[in-house]
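Coordinates in review
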Amino acid sequence: VVDSATLESVGVIRDLPSPRYLQPTRDGRGYVSTFTQADSSELSIVSLNGLQKTGSIRTGGWTGNMTRAAGRIWVPAVKAGWLLAVDPATDAVTDTVKLRVEVQQVVRDAEDQLWALGNGGIDDSVVPALYRIDPEDGKVTQTLSFSSKDESPGNLTLNGSRDTLYYTNQGIYRMPIQRTQLPQTPVVEAQNRSFYGLSIDPEQGDIYASDALDFVQNGEVYRFEQADGQLIHQFEGGIIPRDFVFP
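Let me sum up the structure you'll find in this document. (Residues numbered from 1 in each chain as written. Predicted model: local features only at pLDDT ≥ 70, side-chain atom pairs only at ≥ 80, totals over all residues. Heavy atoms only, no water.)

For the rest of this paragraph, the subject is the sheet that holds strand S6 (residues 72-77). Pairing in this open sheet of four strands is antiparallel, and the strands run S5-S6-S7-S8 from one edge to the other. Lying at the two open borders of the sheet, with one neighbouring strand each, are strand S5 (67-69) and strand S8 (92-98). Taking each pair of neighbouring strands and ignoring which way they run, the sheet shows an average axis angle of 30 degrees. Sheet topology places S5 next to S6; three bridges connect them, and they run antiparallel. (Pairing = 2+ DSSP bridges. Helix = DSSP H or I, 4+ residues; strand = E, 2+ residues; numbered from the N terminus. Axes fitted to C-alpha atoms, helices over the stretch in contact; angles between N-to-C directions.)

Below you can see the structure in the form of structure tokens.
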């Protein structure tokens, strides 16, 4: 845990099995997803004030990036292809939505609808798809399938106004939330880059992406124009750069 102004360490939360992402609740706690693939995998419950683990929720596999909608925390159970709804008042799973394998990200748009991206699995076992889900009843209201099992979309995110989706699929694509078909042309071409991370500056709208290269040497970070995807700036980003934080 670091100070947001100085990035100096202010404490450590221990006993978390392979922690991935943190989703705060509204009562000073948070859920931490994990990268363990055992059947005993869990979602850790932590105190953000006491900086300690206080409990866990069984998930049956590793979990991804979470979001809050309709009073519940939505958690991708990645290998199972489920989207779990957790009630933060009881720490109980109250709903499950069956999608496809390897659903790693879920986001909430400006209309309070959920979007989840399934990349088809590491073995390309199914065709990837982008789903829209109503968080009130957990119903899938739209399924947009990609054209081939060979595609591997990922890094689903939103712009600052939450009305446009972005994701990687070799290049970087964007799609207004009202659209009913997947975009065919990327806003940023891959050009021998392998985009590993993606985020949008919520104020300026610039597109930030990273390339981990060989995962051993320092990676590269790119900043692109929102309008036409032109490169603004490129710099070295350390080993395996991925997530971006905008204060």
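More follows now that the structure is in view.
Secondary-structure assignment places Asp-228 in the loop between strand S18 (218-224) and strand S19 (231-239). In this structure Asp-228 comes out as partly exposed when scored by relative accessible area, which is 44%. For the pair Asp-228 and Ser-56, spaced 172 residues apart in sequence, the C-alpha to C-alpha distance is 45 Å. Among the polar contacts listed, one links the side chain of Asp-228 to the backbone nitrogen of Gln-230, at a separation of 3.1 Å. (Buried < 20%, exposed > 50% of the residue type's maximum accessible area, 1.4 Å probe, protein only. Polar contact = N/O pair within 3.5 Å; in protein donor to acceptor, adjacent residues only side chain to side chain.)

The next subject is the sheet that holds strand S13 (residues 154-158). Here three strands make up an open sheet; going across it, the order is S13-S14-S15 and the pairing antiparallel. Each edge of the open sheet carries a strand with a single partner, namely S13 and strand S15 (171-176). Within this sheet the neighbouring strands show an average axis-to-axis angle of 20 degrees, counted without direction. Note: strand S14 (residues 164-169) against S15, six bridges, orientation antiparallel. Residue Tyr-167 lies in a different strand from S15, and its bridge partner there is Tyr-173.

Glancing now at the nonpolar core. Judged by nonpolar contacts, the single largest core of 14 residues is most densely connected at Trp-115, Leu-130, Leu-156, Leu-165, Tyr-167, Met-175 and Leu-182. Every element with two or more residues in this core is listed here: strand S10 (114-118), S13, S14 and S15. Those residues in contact with Tyr-167 that lie beyond four places of it in its chain are Leu-117, Phe-146, Pro-153, Gly-154, Asn-155, Leu-156, Ile-172, Tyr-173, Leu-182, Pro-183 and Leu-198. (Core = buried A, V, L, I, M, F, W, Y, C linked by side-chain atoms within 4.5 Å. Contact = heavy atoms within 4.5 Å.)

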